[in-house]
Amino acid sequence: MHINKKLTIEELQSKKGMTPIAILTAYTYPISKELEAAGIPLILVGDTLGMVEMGYNSTQEVTMNDMVYHISAVRRGAPNTHIIGDLPYLSDSSPALALENSQRLLDAGADSIKLEGPKYDVVEFLLKNGVYVVGHLGLTPQTAQNFKQVGKDEDEANQIKLQADALVKAGVFLLVLEHIPSDLASELTHNVSVPTIGIGAGQEVDGQVLVINDVIGVGEKWPPFSKQYAHVGKTVREAAAIFKHEVETKVFDPYQ
Ligand code: KIV
């Protein structure tokens, strides 16, 4: 049993190049409780919520109310773990709106927030008002046209490098790099001063983040860059089928 101590921003930053950081998403009380018990140091309540838990085709449908609901459940399950709350689509479309919405996520239990894309003015404004921000570059699902790898050609790679530098200057304390070539992720990791967290970005990063439903095998399709450590969906289906059979054949006995 791990006794977690909530990591501070400084402790997280000092892990760069030293201790790789393992991050998982969570959306519910029971799962976050297990992640904290496993010693996972950082939980992201991501807006992937919309796709993996709510059945939408994109993350754009996720609302602030959805995020507040799920962050508060995750906080109850993981009281001693640093929680990053995702700002959903358009909730950060101006610095003032982003601050108002970040405050709601912090009040629900988040310790820091994550936003997608090169929104330098928003990051600066949040930091000036005491909100710690995680950046997210590469594939940014809120606005992406498809889920293909980005940064493969030189222009795109150069743009991501410029954006990474500018986001770090604006004040992000971690930088998520999603679905970019591993050599680009490696170069960024060597060049920026904050820990890089990869998802589909190879091994040369300061940490990795995966979506919990992909990790435990719940859902219909899992991205090629995620790894399944269990197949919980299959276990649920099998348990339900056995229960149904027992009830229908009148052999069900809860005390057995
Ligand atoms: O919303 C999310 O879960 C994310 C991760 C995929 C990084 O942004």
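Predicted, not measured: the structure shown is a model, and the values here were computed from it.

Parameters at a glance
Along each chain, numbering runs from 1 in the same order as the chain's sequence is written. At least 70 in pLDDT is required for a residue's local features to be given in this predicted model, at least 80 for side-chain atom pairs to be given and counted, and no such filter applies to totals for whole chains, interfaces and linings, which use all residues. Only hydrogens and water are removed before side-chain values are computed, so all heavy atoms of the structure are retained for them. Near, as used in this document, describes a residue that has one of its heavy atoms within 4 Å of the molecule or strand being considered. Here a polar contact is taken to be a pair of N or O atoms separated by no more than 3.5 Å, where protein atoms must pair a possible hydrogen donor with a possible acceptor and residues adjacent in sequence count only if both atoms sit in side chains. For the accessible areas, the method is Shrake-Rupley and the probe is 1.4 Å, while residue cover comes only from the protein chains on display. Site definitions follow a grid-based scheme: protein atoms alone, a 1 Å grid, a 1.4 Å probe that fits but cannot get out for cavities, and for pockets an open set with protein on both sides within 12 Å along at least five of seven lines, plus lining residues having an atom within 4 Å of a point. A cavity or pocket is said to hold a molecule if more than half of that molecule's atoms lie within 2 Å of its grid points. Here the nonpolar group is Ala, Val, Leu, Ile, Met, Phe, Trp, Tyr, Cys and Pro; Asp, Glu, Lys and Arg are the charged ones; every other residue, Gly included, is treated as polar. Criterion used throughout: strands pair if DSSP finds at least two bridges between them. Each helix is a run of DSSP H or I of at least 4 residues and each strand a run of E of at least 2, with the numbering of both proceeding from the N terminus. Only the stretch in contact is used when a helix axis is fitted, and all axes are lines through C-alpha atoms; the angle between N-to-C directions ranges over 0 to 180 degrees. The definition of a nonpolar core used throughout is a set of buried Ala, Val, Leu, Ile, Met, Phe, Trp, Tyr and Cys residues joined through side-chain atoms within 4.5 Å. Only protein chains enter the calculation, and the probe is 1.4 Å; a residue is then buried if its accessible area is under 20% of its type maximum, exposed if over 50%, and partly exposed in between. Contacts between residues were defined by any pair of non-hydrogen atoms, one from each residue, lying within 4.5 Å. Grid points are joined across faces, edges and corners, and a volume is the space filled by probe spheres set on the points. What makes a patch is a set of residues exposed beyond 30% relative accessible area and free of salt bridges, joined within 9 Å when like-charged and within 5 Å when nonpolar (Val, Leu, Ile, Met, Phe, Trp, Tyr). Should a side-chain nitrogen of Lys or Arg be within 4 Å of a carboxyl oxygen of Asp or Glu, the pair is scored as a salt bridge. In this tally Asp and Glu are treated as negative and Lys and Arg as positive; neither His nor the chain ends contributes. Just so you know, the charge point we use is NZ for Lys, CZ for Arg, CG for Asp and CD for Glu.

S.K.: Before we move on, could you go through the site of the ligand and cite the residues and values that matter?
M.R.: Neighbouring the ligand are the residues Thr 25, Leu 44, Gly 46, Asp 47, Thr 48, Asp 86, Lys 114, His 136, Ile 199 and Val 209. Within the contact set of the ligand, an oxygen atom lies 3.1 Å away from a backbone nitrogen or oxygen of Asp 47. At 3.1 Å, a side-chain N or O of Asp 86 approaches an oxygen atom of the ligand. Burial of the ligand by the protein chains amounts to 97% of its free accessible area of 260 Å². Mapping the ligand onto the cavity grids shows that it belongs to the largest pocket. A per-class count over the shell around the ligand returns three nonpolar, four polar and three charged.

S.K.: Residue-level account of the sheet that holds strand S3 (residues 82–86), with values.
M.R.: Ordered by their spatial adjacency, eight strands build a closed barrel running S1-S2-S3-S4-S5-S6-S7-S8, and the pairing between neighbours is parallel. Neighbouring strand axes in the sheet, compared pairwise and without regard to direction, differ in orientation by 25° on average. With four bridges joining them, strand S6 (residues 174–178) and strand S7 (residues 196–199) adopt parallel strand pairing. The residue bridging Glu 178 from the neighbouring strand is Ile 199, located in S7.

S.K.: Any details on the nonpolar core? Residues and values, ideally.
M.R.: Ile 43, Leu 105, Ile 113, Leu 115, Leu 126, Leu 177 and Ile 180 are the most contacted members of the largest nonpolar core, which totals 52 residues. The element best represented in this core is helix H7 (residues 154–170), accounting for six residues. Not counting the four nearest positions on each side in its chain, Leu 105 is found in contact with Met 64, Met 67, Val 68, Ile 71, Gly 85, Asp 86, Leu 87, Ala 110 and Ile 113. If you look at the next biggest cluster of nonpolar residues, it comprises 15 residues, including Ile 21, Val 134, Val 176 and Ile 197.

S.K.: Give me the layout of surface pockets: which residues, what numbers.
M.R.: By volume, the largest pocket amounts to about 880 Å³. Counting residues per element, the ones that place at least two in the lining of the largest pocket are helix H3 (49–52) and S6. Tallied by class, residues from the lining of the largest pocket come to 16 nonpolar, nine polar and nine charged. Of the voids in this model, the second largest pocket is the one considered here, and its volume is about 200 Å³. Around the second largest pocket sit Gly 117, Pro 118, Leu 137, Gly 138, Thr 140, Val 150, Glu 156, Gln 159, Ile 160 and Gln 163, which together line it. Only strand S5 (133–138) and H7 provide two or more residues apiece to the lining of the second largest pocket. Here the element with the most residues in the lining of the second largest pocket is H7; it accounts for four residues. By residue class, the composition of the lining of the second largest pocket is four nonpolar, five polar and one charged.

S.K.: Break down the environment of Phe 173 for me, citing the residues and quoting the values.
M.R.: Topologically, Phe 173 is positioned in the loop between H7 and S6. For Phe 173, a relative accessible area of 2% translates into the label buried. Here the alpha-carbon distance between Phe 173 and Tyr 229, two residues 56 residues apart in the chain, equals 29 Å. Filtering out sequence-adjacent residues up to four positions away, Phe 173 remains in contact with Ile 9, Leu 12, Gln 13, His 82, Ser 112, Tyr 132, Val 133, Val 134, Val 194 and Pro 195.

S.K.: Report on a negative patch on the surface, specifying residues and quantitative values.
M.R.: Residues Asp 153, Glu 154, Asp 155 and Glu 156 make up a contiguous surface patch of negative charge. The residue Glu 156 is located in helix H7 in this model. Residue classification places Glu 156 among the partly exposed residues on the basis of a relative accessible area of 31%.

It is worth stressing that arrangement in space is one thing and function is another; only the former is reported here.
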